[in-house]
Amino acid sequence: MAMIQGFNLLGNDQAHTLILGSMPSVTSLAKQQYYAHPRNAFWPIIAALFNQGVALDYQQGQQILIEQKIAVWDVLKSCTRQGSLDSEIEKNSITANDFVDFFDVYQGIGRVFFNGGTAESLYKKHVWCALPVSNQTLNYIKLPSTSPAFAAMSYADKLAAWAAIKGMAE
């Protein structure tokens, strides 16, 4: 298996909210776009919350997130993984993104939302202990994964949970 590399941050230094995934899927990596799998609920949720439900292409979605001062990134910078499932990430291959430097540059971030439990657990295991206390006291919230692999929750229930980013983004 080859080492896979995550993406650069989607957003800018005006962001006050950060959404963290684990690592892009095979489809996302092939398209070089966050949440590119057609059944991933991320972009439909963003459209429902910030674009009156009107579907967004990738560029429009990026622009809306920037306007809402929301950044998107992944916990992992690189790893080895067979397929797209987080459960297939080889634990000894993990390199986390540099969040100490990130929070030095993006000082306006006050809220961090995890797109699913794996993103949260990877962050706690590979990032948390290296952070200054000021970054450990940010508002951290786990949201249900938008991945199609998380089929235990309906789209409507995911949307209801993800509405938390809208109230906090204003």
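Structure's up top.
The paragraphs below set out a description of the structure included in this document. (Residues numbered from 1 in each chain as written. Predicted model: local features only at pLDDT ≥ 70, side-chain atom pairs only at ≥ 80, totals over all residues. Heavy atoms only, no water.)

1. Here we look at the packing of aromatic side chains
The geometry of an aromatic ring pair is captured by two quantities: the separation of the ring centres and the angle between the planes. By the definition in use, this model includes 17 aromatic pairs. Considering the side-chain rings of Trp 128 and Tyr 140, the 5.3 Å spacing of their centres and the 65° angle between planes classify their relative orientation as edge-to-face. Here the residue Trp 128 occupies a position in the loop between helix 5 (117-126) and helix 6 (133-136), and Tyr 140 occupies one in strand 7 (residues 139-143), the gap between them amounting to 12 residues. Taken together, the aromatic side chains of Trp 73, Phe 99, Phe 102, Phe 103, Tyr 106, Phe 114, Tyr 123, Trp 128 and Tyr 140 make up a single cluster linked through ring pairs. (Phe/Tyr/Trp six-rings, centres within 6.5 Å; stacked < 30°, edge-to-face > 60°. Helix = DSSP H or I, 4+ residues; strand = E, 2+ residues; numbered from the N terminus.)

2. Considering the nonpolar core
By size, the foremost hydrophobic cluster in this structure holds 50 residues, and its most contacted members are Leu 18, Phe 99 and Ile 165. The element best represented in this core is helix 2 (residues 42-50), accounting for seven residues. In contact with Phe 99, other than residues within four places in its own chain, are Leu 18, Leu 20, Trp 73, Asp 74, Val 75, Tyr 123, Val 127 and Leu 131. (Core = buried A, V, L, I, M, F, W, Y, C linked by side-chain atoms within 4.5 Å. Buried < 20%, exposed > 50% of the residue type's maximum accessible area, 1.4 Å probe, protein only. Contact = heavy atoms within 4.5 Å.)

3. Notes on the pattern of salt bridges
One pass over the full model with this rule turns up one salt bridge. For Lys 124, the salt bridge identified is with Glu 120, shortest N-O distance 3.5 Å. Of the two residues, Lys 124 and Glu 120 both sit in helix 5, four residues apart, roughly one turn of that helix. Look at Lys 124 and you get exposed, because its relative accessible area is 51%. With a relative accessible area of 19%, Glu 120 lands in the buried category. (Salt bridge = Lys/Arg side-chain N within 4 Å of Asp/Glu carboxyl O.)

Read these as spatial facts, not as claims about activity.
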